Amino acid sequence: MKCAILTGGGDCPGMNAFIRAVVRTVLNLSPESQVWGVLDGWKGLVENAYRPLNKRDVSGIAALGGTILGTMRFPEFATNGELRERAARNLEEQGFEYLFVIGGNGSVKAAWAVEQILRREGWRTRILVAPGSIDNDVCNNYGTSIGFYSALERSLEMLSWIRDTASSHRRVYLIRSMGRDSAYLAFYAGIIGGAEYAIRPHENVDFERLAEIAGQRDRDTLILVSEAYPKSLQEIQHILEEIFRRRGIEREIRAVDMSYFQRGGVASVTDILRASWLGYRMVCDALRGCASGFYTAYYIGHWQEPLPLEVAADDARTNHLDIPAEIIRMALALR
Ligand code: F6P
C-alpha cells in the first residue's frame, strides 16, 4: 500500500500519536508499503509537499503536542474549487491508495469535498478521517475528538493556578477559553475546574444572576467565557462592575485569556490511547480495502462502524453548537 497522512486545522495533542500509530501499523502489518507525510495540512496536499515516514521517524512522539507534519490555516480550500480539484488530482497522480486525515470539522468538510471529486473521476484514493481538535466540534454523537481531553487537562491546571490568586484576593476572574463556536471546551473546563459559571457561545446571559452568584461566594469566583460568546471580557467586566456597584457587592474583577496555552503541551493518556486505537483500526480497514469514512471512538477498544464522510461533514456543521441539556443540568447541580 502507498498511503499518506495529513494533519489539518488547528494542531492538537494526540495528532502525533495518530501519525505514529498509522506509520507503525502500516509498516509492521504490510512491510512493503510506503507511508508519506503531507506537510502543512491541506495546503501541502495542493502543493504536493510530502516527506517519507519510516518507523524511526515516529519514535518518541506519542505524547508530544502539536504535529510533526505541520498544519496551516487554508480557508481558500473551502471556497476555491480549483484548489480542491488539484488536491484530488495530486492524490491520484502520486498513486496514494489511502489518505489518513486527523483534524476538526474544517478537515471533515475538506475531506468530503475532495472525496466527491475522487468518486466523480473514478480515482483510486480513499480518505479515512479521525476527529482531532481541542474544540470537540466533530460528530459529538459518537464520542469526543482527540485533543479535547488534553486541552481540558491544560485548562484544569491553569484554572487551579487562577483559583489560588482569586482566592487570595477575593476576586472574580473572567477566563476566556478557546473552542471556536463550540461550547464544549469552556463548559467542560468549567465543570472540572469547579468554576461558578461557564458562558456558552449563544447564551442569553442573565448578568444580574451572575453578579448574585459572585456575591454569594466567600472568596473566589471563576467564570469561564466561550470563545464565540460575542461580548469581550472587558465588556463583561464593565457590565458586572456596574451591577456590583449598584448592589453594593465589593469584589474586584480581573480578566485572563487561556486560549493558545490550552492547545499545547503533552497529550493526555486518553488522547494517546484513542489516537493509537483509531490509527490502528483505520490501517487494518485500509489493508482490507475499505471505503472512505469518518472514524470515532469513545475509548480504546470501542468499535463503531465508520460514518460516511457526507454524514460526518453534515453533522460537523451543527452538532457541537450547544451542550446537551442534561449535562447543563448536571453542571448546575454540581455548583
Ligand atoms: O480549532 C482549534 C482552535 O484552537 C480554535 O479553538 C480557535 O478558534 C482556533 O483554532 C484558533 O486558530 P488560529 O490558530 O488559526 O488562531
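What counts and how
- Residues numbered from 1 in each chain as written.
- Predicted model: local features only at pLDDT ≥ 70, side-chain atom pairs only at ≥ 80, totals over all residues.
- Helix = DSSP H or I, 4+ residues; strand = E, 2+ residues; numbered from the N terminus.
- Rg over C-alpha atoms; globule rule 2.2 N^0.38 Å.
- Buried ≥ 20, exposed ≤ 12 C-beta atoms within 10 Å, placed from the backbone.
- Contact = placed C-beta atoms within 7 Å.
- Domains from an automatic or database assignment.
- Nonpolar A, V, L, I, M, F, W, Y, C, P; charged D, E, K, R; others polar.
- Near = placed C-beta within 6 Å.
- Pairing = 2+ DSSP bridges.
- Axes fitted to C-alpha atoms, helices over the stretch in contact; angles between N-to-C directions.
- Expected span 1.5 Å × (residues − 1).

*Asks:* Explain the overall build of the protein here, please?
*Replies:* The helix and strand tally for the protein stands at 13 helices and 10 strands. For the protein, whose C-alpha radius of gyration is 22 Å, the value lies close to the compact-globule estimate of 20 Å for 335 residues. The principal-axis extent of the C-alpha atoms belonging to the protein is close to 70 × 40 × 30 Å. By the burial criterion, 50% of the 335 residues in the protein qualify as buried. Restricting to contacts in the protein with at least 6 residues of sequence separation, those with at least 24 account for 79%.

*Asks:* Explanation requested: the domain arrangement of the protein in the structure shown.
*Replies:* Often, the extent of an interface is quoted as the loss of accessible area upon association of its parts. One can read the domain layout of the protein as domain 1 (2-147 + 267-317) and domain 2 (150-264). A straight line from the C-alpha centre of domain 1 to that of domain 2 covers 35 Å. Contact with domain 1, which involves 15 residues of that partner, is made by 12 residues of domain 2. Taken together, the residues that form the side of domain 1 that touches domain 2 break down as 4 nonpolar, 7 polar and 4 charged.

*Asks:* Help me understand the site of the ligand in this model?
*Replies:* What surrounds the ligand is the set Gly9, Gly10, Arg73, Gly104, Ser133, Ile134, Asp135, Met178, Gly179, Arg180, Glu227 and Arg263. Looking at the shell around the ligand residue by residue, the classes come out as 2 nonpolar, 5 polar and 5 charged. Taken domain by domain, the makeup of the shell around the ligand includes at least three residues from each of domain 1 (2-147 + 267-317) and domain 2 (150-264).

*Asks:* What is the right way to read unusual backbone geometry from this model?
*Replies:* Keep in mind that most residues, glycine aside, have a negative phi and that most peptide bonds are trans. The phi dihedral of asparagine 48 is positive, around 55°, even though this residue is not glycine. By the secondary structure assignment, asparagine 48 is in the loop between α2 (41-46) and β3 (50-52). With a phi close to 50°, arginine 180 is a non-glycine residue in the positive phi region. Mapped onto the secondary structure, arginine 180 falls in the loop between β6 (171-177) and α7 (184-192).

*Asks:* What's the story with the sheet that holds strand β9 (residues 252-257) in this structure? I'm lost.
*Replies:* What links the strands of a sheet is backbone hydrogen bonding, and the strands pair in either a parallel or an antiparallel sense. Reading across the sheet, the 4 strands line up as β7-β8-β6-β9 and stay open at both edges, with parallel pairing between neighbours. Of all strands in the sheet, those with a lone pairing partner are β7 (197-199) and β9, marking the two edges. With direction set aside, neighbouring strand axes in the sheet form an average angle of 20°. As paired elements, β7 and strand β8 (residues 221-226) share 3 bridges and run parallel to each other. Paired with alanine 198 across the bridge in β8 is leucine 224. Relative to the sheet, helix α6 (residues 148-169) contacts β6, β8 and β9, its axis offset from that of β6 by approximately 160°.

*Asks:* Before we go on, may I ask you to explain helix α9 (residues 233-247) in this structure?
*Replies:* The α-helix winds at 3.6 residues per turn, so residues separated by three or four positions along the chain end up facing the same way. If you check α9, its first and last C-alpha atoms are 21 Å apart, about what 15 residues at 1.5 Å a residue would give, namely 21 Å. Phi for glycine 248, located one or two positions after α9, is positive at around 70°.

*Asks:* Looking at this structure, how should I read the sheet that holds strand β5 (residues 126-131)?
*Replies:* A sheet is described by the order of its strands in space; here 6 strands give the open sequence β3-β2-β1-β4-β5-β10, paired in mixed fashion. Every other strand in the sheet has two partners, leaving β3 and β10 (293-294) as the edge strands with one partner each. Sheet analysis places strand β1 (residues 2-7) next to strand β2 (residues 34-38), joined by 4 bridges and oriented parallel. The partner of lysine 2 across the bridge, within β2, is glutamine 34. Set on the sheet, helix α5 (residues 105-121) makes contact with β4 (98-103), β5 and β10; between it and β5 the angle comes to about 170°. The strands touched by helix α11 (residues 269-287) are β1, β4 and β5; relative to β5, the strand with the most contacts, the crossing angle is about 165°.

*Asks:* I keep staring at the environment of alanine 113 and nothing clicks. Help me out?
*Replies:* Of note, alanine 113 is situated in helix α5. Its 20 C-beta neighbours within 10 Å are what place alanine 113 among the buried residues. With 32 residues separating them along the chain, alanine 113 and glycine 81 place their C-alpha atoms 8.9 Å apart.

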